[in-house]
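Descriptive structure summary
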Amino acid sequence: MKILGVIPAFNAEQTVGGLVRKSLAHLSDVIVVDDGSSDKTGYEAANAGAIVLRHEVNRGKGAALKTAFEYATSHEYDAAITLDADGQHLPEDIPKLSRAFSETGGDLIIGSRRHLFAQMIPRRRMANKFSSWAISVGSGAKVDDSQSGYRLYSARLMKALPIRSSGFDMESEVIVRAARSKMKIVMIPIELGFVDGLQTSYYRPIRDTFKILGTALRTRFLG
């Protein structure tokens, strides 16, 4: 299988280089979508061996992922594995996602952190649980960690699904659309480099959770 590593990144010069190097130990190709960074994110990523695609202005995580999906499908990759640039996701788990893809044929493999929720601060834990409940209701699929960004997307999914969102809620929209399109969604447990990471996260637990709920309901009922 031909699998592409994808790292959407915004002002991640301190962590992106090491993440790229560790990911390349498991994948032949890694791209970093530099989403309008004002630091040396792009330079550090390229120096570590990544293919760098750049947005001149910050457009959001969803927009960065859509750019990566266009690259993956146009270069005929079988799948793409996405990792967050802050180092939360461990490249050592890449073979676990690849193996799940090979064994299950899933179109969307999600690395679940559910077994780690108890280690999160209360507002982050409640936001994750509520978001997962909302996405499960909206999609009709059982999803125990809807906000994990550590995922494998099949080429079929990347080509077939129309995605409208450009922010964090894009990942929730994908789940709802995949489930409604009868694509196979698989959850597997992953470990983390750190559990909360609020110092590096751009996710706002309350505001973004309600945005995710709105996206799930809009996608479910309006298409």
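Before any of the text, the structure's been laid out above.
This is a predicted model, so every value here is computed, not measured.

Points about the nonpolar core
Counting 30 residues, the largest nonpolar core has Leu 108, Tyr 153, Leu 157, Val 174 and Ile 185 as the members making the most contacts within it. Listed by contribution, the elements that provide at least two residues to this core are strand S1 (3–9), strand S2 (29–35), helix H3 (61–74), strand S5 (108–112), helix H6 (155–160) and helix H7 (170–180). Ignoring sequence-local partners within four residues, the contact set of Leu 108 consists of Arg 151, Leu 152, Tyr 153, Leu 157, Val 174, Ile 175, Lys 184, Ile 185 and Val 186. One finds Val 16, Val 30, Ala 79 and Ala 85 within the second-largest nonpolar core, a separate group that totals 29 residues.

Quick notes on the sheet that holds S5
If you trace the 7 strands from one edge of the open sheet to the other, you get S3-S2-S1-S4-S6-S5-S7, paired in mixed fashion. The open sheet has two edge strands with one neighbour each: strand S3 (51–55) and strand S7 (185–189). For this sheet the average axis-to-axis angle between neighbouring strands, irrespective of direction, equals 20 degrees. With 4 bridges connecting them, strand S4 (residues 79–82) and strand S6 (residues 151–154) associate as antiparallel partners.

What about helix H4 (residues 94–104)?
Within the sequence span of H4, burial applies to Ile 94, Leu 97, Ser 98, Ala 100 and Phe 101. One face of H4 carries all of its buried residues, which in axial projection span an arc of 160 degrees. Opposite the buried face of H4, by more than 90 degrees, sit the exposed residues Ser 102 and Glu 103. Structurally, H4 contributes buried residues whose contacts are with S1, helix H1 (16–23), S4, S5, S6 and S7. Within two residues after H4, Gly 105 carries a phi angle of roughly 70 degrees, on the positive side.

Rules used in this analysis
- Residues numbered from 1 in each chain as written.
- Predicted model: local features only at pLDDT ≥ 70, side-chain atom pairs only at ≥ 80, totals over all residues.
- Heavy atoms only, no water.
- Core = buried A, V, L, I, M, F, W, Y, C linked by side-chain atoms within 4.5 Å.
- Buried < 20%, exposed > 50% of the residue type's maximum accessible area, 1.4 Å probe, protein only.
- Helix = DSSP H or I, 4+ residues; strand = E, 2+ residues; numbered from the N terminus.
- Contact = heavy atoms within 4.5 Å.
- Pairing = 2+ DSSP bridges.
- Axes fitted to C-alpha atoms, helices over the stretch in contact; angles between N-to-C directions.
- Arc of directions from axis to C-beta.

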